[in-house]
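# Report on the structure
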Amino acid sequence: MRKYFLLSAVALLATSTANATTEYAVIEASANIEYVTEITCTDMDFGTIYLKSRDKEIILVGDGSFLREENEGTNVVNVTGYSPAHCQIGDSSFDDESDGYSVNVLSSHLDNDDDSDAHLSFGIRNVFGDSIIPHLTIPANAPSGHYSGAMYVMFTY
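Calculation criteria
Residues numbered from 1 in each chain as written. Predicted model: local features only at pLDDT ≥ 70, side-chain atom pairs only at ≥ 80, totals over all residues. Heavy atoms only, no water. Helix = DSSP H or I, 4+ residues; strand = E, 2+ residues; numbered from the N terminus. Buried < 20%, exposed > 50% of the residue type's maximum accessible area, 1.4 Å probe, protein only. Contact = heavy atoms within 4.5 Å. Areas by Shrake-Rupley, 256 points an atom, 1.4 Å probe, with all protein chains shown as cover. 1 Å grid on protein atoms, 1.4 Å probe; cavity = no way out; pocket = protein on both sides within 12 Å on 5 of 7 lines; lining within 4 Å. Points joined across faces, edges and corners; volume = space filled by probe spheres on them. Nonpolar A, V, L, I, M, F, W, Y, C, P; charged D, E, K, R; others polar. Disulfide = S-S within 2.5 Å.

### Focus: the overall build of the protein chain
In terms of regular secondary structure, the protein chain is built from 1 helix and 10 strands. Beginning at the N terminus, the succession of helices and strands in the protein chain can be written as α-β-β-β-β-β-β-β-β-β-β. Sorting the 157 residues of the protein chain into buried and exposed places 23% on the buried side. A separation threshold of at least 6 residues defines the contact pool for the protein chain, and within that pool the share at least 24 residues apart is 68%. For the protein chain, the exposed surface amounts to about 11600 Å²; the carbon and sulfur share of it is 51%.

Right, dumping it as structure tokens:
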């Protein structure tokens, strides 16, 4: 027993702070603060999209008051109820891209209300006047159903 006590005492002394070294580091930090103007936008509704088949990816692009299939595709039978979002900064709306602003989509996806593994992706193709011109990607084999979600957007001007 005495032998184990002595071994424990020696081990404790060997790992004490008397044998430790002290190191230090300098950590530089910085921050940028920017104030934002609130932009109000109406909801975007892609409506009901009727497709022929589900075996290929489809990209729909907003084109004024209607959605069209990109690249002259033939899989979309009809779209009803499409409504683009309209955004306003204070008392004015965006005029066009020549005004020197950029649009960055921070996050966007639509989740199927019935199937948590099913997602559609969407984003902004362009801004025309106060209208957000969206694009919507429907992956191959996306299940039927209602999809909903949000897009987080940053306008820099």
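### Some details on the environment of Gly73
Mapped onto the elements, Gly73 comes out in the loop between strand S4 (66–69) and strand S5 (76–80). Spatially, the C-alpha atoms of Gly73 and Leu60 are 9.4 Å apart, while their sequence positions differ by 13 residues.

### Re the layout of surface pockets
Taken as a whole, the largest pocket spans an internal volume of roughly 1000 Å³. Met44, Phe46, Leu110, Leu136 and Tyr147 are the residues nearest the centre of the largest pocket, which is lined by 41 residues in total. Counting residues per element, the lining of the largest pocket draws most heavily on strand S10 (residues 147–156), which supplies 8 residues. In the lining of the largest pocket, the residues fall into 26 nonpolar, 11 polar and 4 charged.

### Focus: the state of the cysteines
This model, assessed by the stated rule, comprises 1 disulfide. Covalent S-S linkage joins Cys41 and Cys87, the inter-sulfur distance amounting to 2.0 Å. Measuring the twist about the S-S bond at about 110 degrees, one finds the Cys41-Cys87 disulfide to be right-handed. With Cys41 in strand S1 (residues 39–41) and Cys87 in strand S6 (residues 87–89), the pair connects residues that are 46 residues apart, well separated along the chain.

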